[in-house]
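# Structure assessment
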Amino acid sequence: MLIDTHTHLDDARYNDDRDAMIARAQNAGVSTFVTIGCDLSTSRSAVELAGRHSCVYATIGVHPHEVKHIADDWYDELRRLAQHDKVVAYGEIGLDYHYNHSPPTLQRERFREQVCLARELNLPIVIHTREAQDDTIAILKEERAAEVGGVFHCFSGDAWLAKDALDLGFFLSFSGVITFQNATMLRDIVKTVPLDRMLIETDCPYLTPVPHRGKRNEPAHVRCVAEKIAELKAVTVEDIGNMTTRNAQRLFKIP
Ligand SMILES: [Zn+2]
Ligand SMILES: [Zn+2]
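A quick note: this is a predicted structure, and the numbers were derived from the prediction, not measured.

### Overview of the pattern of salt bridges
Counted by the stated rule, this structure contains 20 salt bridges. Glu218 is the salt-bridge partner of Arg24, the closest N and O atoms lying 3.0 Å from each other. With Arg24 in helix α1 (residues 18-27) and Glu218 in the loop between β8 (198-200) and α8 (222-233), this pair connects stretches of sequence that are 194 residues apart. Under the relative-accessibility criterion, Arg24 is labelled partly exposed at 37%.

### Regarding the sheet that holds strand β1 (residues 2-7)
The 8 strands are arranged β1-β2-β3-β4-β5-β6-β7-β8 in an open sheet whose pairing can be described as parallel. A strand with exactly one partner marks an edge of an open sheet, and here the two such strands are β1 and β8. Taken over all neighbouring pairs, the strand axes of this sheet differ in orientation by 30° on average, direction set aside. In this structure, strand β3 (residues 56-60) lies alongside strand β4 (residues 87-96), joined through 3 bridges in parallel fashion. Each residue of the ladder has a partner; that of Thr59, found in β4, is Ala89.

### Quick word on the coordination of the zinc ion (ligand 1)
Distances from the zinc ion (ligand 1) to its protein donors, Glu92 (OE), His128 (ND1) and His153 (NE2), fall at 2.0 to 2.2 Å. Look at where the donors of the zinc ion (ligand 1) fall in the sequence and you get E-x35-H-x24-H. Since its relative accessible area comes to 2%, Glu92 is described here as buried.

### Looking at the pairing of β4
Walk down a regular strand and you will see the side chains alternate between the two sheet faces. The buried count for β4 comes to 10 of 10 residues, which makes it a mostly enclosed element. The pairing of β4 with strand β5 (residues 125-130) spans 6 bridges and is classified as parallel. Following the sheet pairing, Gly91 is matched in β5 by Val126.

### Observations regarding the side chain of Arg18
For Arg18, the location among the structural elements is in helix α1. An unpaired buried charge is present at Arg18: no salt bridge exists, and Asp19, the closest side chain of opposite charge, is 6.2 Å distant. At a separation of 3.0 Å, a polar atom in the side chain of Arg18 contacts the main-chain carbonyl oxygen of Asp11. The contacts of Arg18, once residues within four sequence positions are left out, are Leu9, Asp10, Asp11 and Leu49.

### Here we look at unusual backbone geometry
Note the cis peptide between Gly91 and Glu92, where omega equals 15°. Position of Glu92 relative to the elements: it lies in strand β4. Residue Pro211 is bonded to the preceding Val210 through a cis peptide linkage, with omega at 10°. Structurally, the position occupied by Pro211 is in the loop between β8 and α8. Backbone geometry places Glu131, a non-glycine residue, at a positive phi of 50°. Note that Glu131 resides in the loop between β5 and α5 (133-142). Judged by relative accessible area, which is 52%, Glu131 ranks as exposed. A positive phi is found at Lys253, a non-glycine position, where the angle reads about 50°.

### A short note on the coordination of the zinc ion (ligand 2)
Note on the zinc ion (ligand 2): its protein donors are His6 (NE2), His8 (NE2), Glu92 (OE) and Asp203 (OD). The metal-donor distances range over 2.1 to 2.6 Å. One can describe the site at the zinc ion (ligand 2) as irregular: its 4 donor atoms subtend angles covering 84 to 175° at the metal. Counting gaps between the donor residues of the zinc ion (ligand 2) yields the pattern H-x1-H-x83-E-x110-D.

### Digging into the nonpolar core
The biggest cluster of nonpolar side chains holds 75 residues, and the ones touching the most others in it are Tyr90, Leu140, Phe152, Phe155, Leu172, Phe174 and Ile229. Per element, the largest residue contribution to this core is 6 residues, and it comes from α8. Formed by 14 residues, the second largest nonpolar core is a distinct cluster that contains Val88, Phe171, Phe252 and Ile254.

### A short note on α5
Residues spaced three or four apart along an α-helix face the same direction, because each turn holds 3.6 residues. Gln133, Thr136, Ile137, Ile139 and Leu140 are the residues of α5 that are buried. One side of α5 carries all its buried residues, which in axial view fall inside an arc of 160°. In this structure, α5 carries Asp134 and Glu142 as exposed residues pointing more than 90 degrees from its buried face. The elements touched by buried residues of α5 are β4, α4 (104-121), β5, β6 (150-152) and α6 (159-167). Arg144 sits one or two residues past α5 and shows a positive phi near 55°.

So, how was this worked out
- Residues numbered from 1 in each chain as written.
- Chains lettered and ligands numbered in written order.
- Predicted model: local features only at pLDDT ≥ 70, side-chain atom pairs only at ≥ 80, totals over all residues.
- Heavy atoms only, no water.
- Salt bridge = Lys/Arg side-chain N within 4 Å of Asp/Glu carboxyl O.
- Helix = DSSP H or I, 4+ residues; strand = E, 2+ residues; numbered from the N terminus.
- Buried < 20%, exposed > 50% of the residue type's maximum accessible area, 1.4 Å probe, protein only.
- Pairing = 2+ DSSP bridges.
- Axes fitted to C-alpha atoms, helices over the stretch in contact; angles between N-to-C directions.
- Donors = N, O, S within 2.8 Å, 3.2 Å for Na, K, Ca; no water.
- Lys, Arg positive; Asp, Glu negative; His and termini not counted.
- Polar contact = N/O pair within 3.5 Å; in protein donor to acceptor, adjacent residues only side chain to side chain.
- Contact = heavy atoms within 4.5 Å.
- Tetrahedral: all angles 85-135°; square planar, octahedral: opposite > 155°, others 65-115°.
- Core = buried A, V, L, I, M, F, W, Y, C linked by side-chain atoms within 4.5 Å.
- Arc of directions from axis to C-beta.

Interpretation note: all reported values are geometric properties and have no functional meaning in isolation.
And the structure:
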């Protein structure tokens, strides 16, 4: 059994076949899905999907791209959504200096606020970080994120970031990026990460793994990620499934 720990199941690309796609993934051995909030409306959609499907859990939070839209009432509404019993984490939050869709100064301010909110709500944190490794780790330390822990989703940082994240008690989640031809450095990092600190994800509909490149990504493809990790760690894909499932259950308190 596999858990896809980072999906965007509310994405409009799934509007025509969402339920069929979830069923297809379950037939492929993916038992459980975590669908991620990126702003207020997608956080609401995530909670709504989790309410409708027993196999779906939700996160809530505001992605660094979207933090410029945060209005006065958003945090109270997120606090209210967090009371739903299938909300298992706060995020994805963090810093993204690649696109800078929101100004970097504002990204840092909102990231700090949301780490505090996650601690208030006692929820683990789902981190998104791109081209912002130093600031991300510094803010997590300064805002005492280790008290709730969490996961660096779609990990694609340097070896030092992997080490710092593990030292902070965080999990690292790997996506289809590890199957990409140019991801040699990342595959070397996978080899060094302990199996009890690893999660797997698709980040669907993005980041379709090899050999499905060019098509819409979906949770059934999380198996490709598990297979690649198994190859790199020289263990069976069943071992990777068991370990990463147990890790996800532990982090997200999923039964
Ligand atoms: Zn992300
Ligand atoms: Zn995402």
